[in-house]
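Listed below are the residues making up each chain.
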Amino acid sequence: MDPEKLRDMSQPMDVALLDATVAAFYGTGSKEERNAADLVLRDLQNNPDMWLQVVHVLSNTNSLNTKFFALQVLEGVIKYRWNALPVEQRDGMKNYISEVIVKLSSDEISFRRERLYVNKLNIILVQILKHEWPARWRSFIPDLVAAAKTSETICENCMAILKLLSEEVFDFSRGEMTQQKIKELKQSLNSEFQLIHELCIYVLSASQRAELIRATLGTLHAFLSWIPMGYIFESPLLETLLKFFPMAAYRNLTLQCLTEVAALTFGEYYDLQFVKMYIIFMVQLQSILPPTTNFLEAYAKGSSEEQAFIQNLALFFTSFYKPHIRVLESSQENINALLQGLEYLINISYVDDTEVFKVCLDYWNSLVSELFEAHHNLDNPAASANMMGLQMPMIPGVGDGVGSQLMHRRQLYAGPMSKLRSLMICRMAKPEEVLIVEDENGNIVRETMKDNDVLVQYKIMRETLIYLAHLDHEDTERQMLKKLSKQLNGDDWTWNNLNTLCWAIGSISGSMVEEQENRFLVMVIRDLLNLCEITKGKDNKAVIASNIMYVVGQYPRFLRAHWKFLKTVVNKLFEFMHESHPGVQDMACDTFLKIVQKCKRKFVTVQVGENEPFVSELLTTLPATIADLEPHQIHSFYESVGNMIQAEPDPHRRDEYLRRLMELPNQKWAEIIGQARQSVDYLKDPDVIRAVLNILQTNTSAANSLGTYFLPQISLIFLDMLNVYRMYSELISTSIAQGGRYASRTSIVKLLRSVKRETLKLIETFLDKAEDQPHIGKQFVPPMMDPVLGDYARNLPDARESEVLSLFATIINKYKGAMIEDVSRIFEAVFQCTLEMITKNFEDYPEHRLKFFSLLQAIATHCFPALIHLSSEQLKLVMDSIIWAFRHTERNIAETGLNLLLAMLKNFQASEFCNQFYRTYFSTIEQEIFAVLTDTFHKPGFKLHVLVLQHLFCLVESVVLSEPLWDVATVPYPYPNNGMFIREYTIKLLSTSFPNMTATEVTQFVNGLFESREDLISFKNHIRDFLVQSKEFSAQDNKDLYAEEAAAQRERERQRMLSIPGLIAPSEIQDEMVDS
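Small disclaimer: the values here were computed from a predicted structure and weren't measured.

This part takes up the pattern of salt bridges. Inspection of every chain in the model, using the stated rule, returns 53 salt bridges. Here Lys 5 ties to Asp 14 by a salt bridge, and the two come within 3.2 Å at their closest N and O atoms. Exposure remark for Asp 14: the relative accessible area of 28% places this residue in the partly exposed category. Linking Glu 803 and Arg 757 is a salt bridge whose minimum nitrogen-to-oxygen distance equals 3.6 Å. One end of the pair, Glu 803, is in helix H40 (residues 803-815); the other, Arg 757, is in helix H38 (residues 747-769), with 46 residues separating them in the sequence. Accessibility expressed as a relative area gives 14% for Glu 803, which makes it buried.

Look at the link from Trp 133 to Pro 134: it is a cis peptide, with omega at 0°. With respect to the helices, strands and loops of the structure, Pro 134 is situated in the loop between helix H8 (115-132) and helix H9 (140-148). Although it is not a glycine, Lys 816 adopts a positive phi angle of roughly 40°. Relative to the helices and strands, Lys 816 is located in the loop between H40 and helix H41 (820-838).

This part is about the environment of Val 15. Positionally, Val 15 belongs in helix H2 (residues 15-26). Taking the C-alpha atoms as reference, Val 15 lies 6.6 Å from Asn 60; in sequence the two are 45 residues apart. If sequence neighbours within four positions are ignored, Val 15 has contacts with His 56, Val 57, Asn 60 and Thr 61.

A separate point is the packing of aromatic side chains. A complete count under the given rule lists 57 aromatic pairs for this structure. On the numbers, 6.3 Å between centres and 80° between planes, the contact of Phe 281 with Phe 317 is edge-to-face. Taken together, the positions of Phe 281 in helix H17 (residues 271-288) and Phe 317 in helix H19 (residues 304-324) put the pair 36 residues apart, joining distant regions of the chain. With a relative accessible area of 0%, Phe 281 lands in the buried category. Ring geometry for Trp 563 and Phe 614: centres 5.9 Å apart, planes at 75°, overall edge-to-face. You can see Trp 563 sitting in helix H30 (residues 563-576) and its partner Phe 614 sitting in helix H32 (residues 614-625), a full 51 residues away along the chain. Both residues of the pair, Trp 563 and Phe 614, count as buried. Taking the ring centre of Trp 137 as reference, the NZ or CZ of Lys 94 above it sits at 4.9 Å. Sitting over the ring of Phe 357, Arg 427 keeps its end group 4.1 Å from the ring centre.

Here the focus is H8. Across its 18 residues, H8 extends 25 Å between first and last C-alpha, which sits within 8% of the 26 Å expected from 1.5 Å per residue. The element H8 is extensively covered by neighbouring structure, given that 13 of its 18 residues are classed as buried.

Reading the values: rules and limits
- Residue indices begin from 1 for each chain and proceed along its sequence in written order.
- A pLDDT threshold of at least 70 governs which residues receive local features in this predicted model, and a stricter bar of 80 or more applies before side-chain atom pairs are shown or counted, although totals over entire chains, interfaces and linings include all residues.
- Here the side-chain values reflect all heavy atoms present in the structure, with hydrogen atoms and water set aside.
- Note on definitions: salt bridges are taken to be side-chain nitrogens of Lys or Arg within 4 Å of carboxyl oxygens of Asp or Glu.
- Under the scheme applied here, a residue whose accessible area is under 20% of the maximum for its type counts as buried, over 50% as exposed, and between as partly exposed, the area being computed with a 1.4 Å probe on protein chains only.
- Here a strand is any run of E in DSSP of at least two residues, a helix any run of H or I of at least four, and the numbering for each starts at the N terminus.
- In this description, contact between two residues means that some pair of their heavy atoms is separated by no more than 4.5 Å.
- The rule is short: rings of Phe, Tyr and Trp, with Trp giving its six-membered ring, pair when the centres are within 6.5 Å, and they are stacked under 30 degrees, edge-to-face over 60, tilted in between.
- Only Lys NZ and Arg CZ are tested; either one counts as a charge over a ring when it is within 6 Å of the ring centre and within 35 degrees of the ring normal.
- For a helix, the expected span equals 1.5 Å multiplied by the number of residues minus one.

Right, dumping it as structure tokens:
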């Protein structure tokens, strides 16, 4: 292998040598040979003249891999350099590719043999078309159609090319081409579609070749979603498709085409044709797949073709009903066909396949929400009529008025809706709160990983079931109670049946009026508690327990209104806390926390028939209740009781409860500190360290729910805790100094560090949750300065806790300007030493990175005057570290950096140092932001990049900057104003960065930035188009560029959900007064 001979582009390439190199790369030879070949091929690929050898290589090689390599080189040129090539070279390449395609596809044998190669050539041709057509290759479609008529194999390949073209223009164009180019290509395809249409009809009516008919149906499928409607409804196309539907060989492809047609809408103009198509389709379907078919079985036993047919059938029905269901409500004959179709769809919904179920569920959700909205809007008949599209006449004889029309429509769907309720209850997905699942061996175990797909499905099913409940509460309640009684008498008892039923009962929480909910739940909870008593077997009990806990956790309103039930439920939870089954204890602790958060006041009030509040009774028996719990469950329990105590209005009683709650950990703490005073070595025992850690974690849990009211407890342990912190820190430093970096990974050092982190977390949790009371800050911050901050500065990098940074960020965010005096002290202790740790590369100390920038952001936001007093060297350090942050590929660090930059820019703009700051940093910031904006790794930061640029471009044209941004000493040319200087600077910057763009394109872009700077939306779109045009962002997923629009849509959806009872579960609503 002579690489130099290959690299010489001055003469035709030695194709045999290239074949050998490609073969070595793909071959099974030694690693060295493959690496050497890889190096040569990369060099060739990066050589700007290599593409000129492509035709020579393709004409002289028989190796498929070599052909693909040559086409890869060509693809790069087409994508990034095509418009810069001379016309004759472009035409030569275009003609060559077309000729090879025609030659290979003109006879059956070569077409089948070279199939992969032809497919790749088709892709290349379509890439060329995106540049050349329509402006420079007007005759493309007529040429293609003429070639197709010369032979059936050429025709088959032409169909493949047309399909690719349609997909490129209509499906994959967003973020790939500029808006203008997409529009131009769509118009061209539309205007020339007649020729393509005639060709398709001709093939379908005249050809006998199965492959060609298949290819034509495939192409039609790609085109049907956008072609003018007349081509479908005013030509023989639909009849032809319906003629192919019963033929087994074409059934799936035809069904996909009919589905595309079904989804089209065009006012009422073609309603009759849609109805006719649906009626003929239903008649044919009954002969292919009778309505009595058991779909669950048919799908399970069917071939992959048959399974695809059932899936396509679901897509057809859902696509047809979404836009056209109302047209089918207009006469009795149509209604019969509609009800029959809905029956099919309900039966298909039982099929055990996630994808099929998703398609059906999505439609059921939209249908019931539409029926519900109209029923919900009955108070406003005009809105309802409009919403329901009730312009068409209903069946004669039914009373007039919108109200009766709506009632009629609900009666029409009552049958299918009742069957749908049954389906939803049977197939209800598992909610997030349920931790107990059946594994593949049929054992009941604790869930180890959340399944996000199931959670998404649960949300949609829950919403659907709530709409169904609103449409008919009686039927919903009747079905649920009937299923529950079958569980009790053993007719229908299985884990899955009980689970789905209880998940469904829990999911409709909040949808009933209180009186009905009370009646319903009394029966449900009574039956479930009975079931728990009468059922034997550990696994069975675990399943029933998990269902009781899930249901009660969903109905806080009921529990608040019924103290006896609430007390029974909580005592039942305490019972489950002694249950050794994995998952049951966790779920009991989670449910306890959830119920306490919603009903906390009930536990601190003396209830009728009781001598003392429940919380007092609980604190007396606390040691026995938590005896069988793991440490993490005990922490959750302490957080729950903390929530109860927090609801006690009397301060003396509250402090007394807190003292009793913390009695166990405080005894242990006093014992440990007492021993340590006699001998410090006692604190070095691993078991003692674990005990200290556990005590601190228990305190953190209580602080989390008690907030300010935790003050007496933290004051009790605070100074001792800082002494332990200091001592453990010295131990860690000594270990690392003696044992090097690896010492930090030993179990004893990890344990000691856990104690330090938990200490910091406890202080941070308390200060964060405590109400804004400056005296608390004054009491706790000064004593920490040396043991915490000083310790951080003195320590070795591997022994520094990142939590120190987040603790001080919390303190500054909490006490804001009051901390200005302390900023310089914080700065000295953490700034320089942390920067040295995190600027060596982008990987080390990931925790410190994010927390460091969060601390900086807190200082910039609340203590900005302290930053102004930094020396210019220190300020440069700050600015460099911000640039370092937003260059980061770690998304949250980059985002923190950009938010911090925006805060700095705005603060400096409003300060007296505005001119000085921007003269020093304006051009650097602009250059760095353009660098990340055009780097695909930084796509998620797009919204913030745009905001920074908008800030800079608005500022440069404003009166705020009164001095020149350029350095008068070094720039001889005096610019008339800053705007002109920055315009020229930006053009120069982008021209050197994007040599593939012409000077005119760059200038147009920069002018556009200045013109659209006041309007964020057009400014943003302008930048999006530039990114596509500069070819930096293409052939990739560009959804990050549209992330902001998606977020606004989500917020609108949340507001809608809040307006419908039950859609946001009562247990999720953050309400202050719920348990008054």
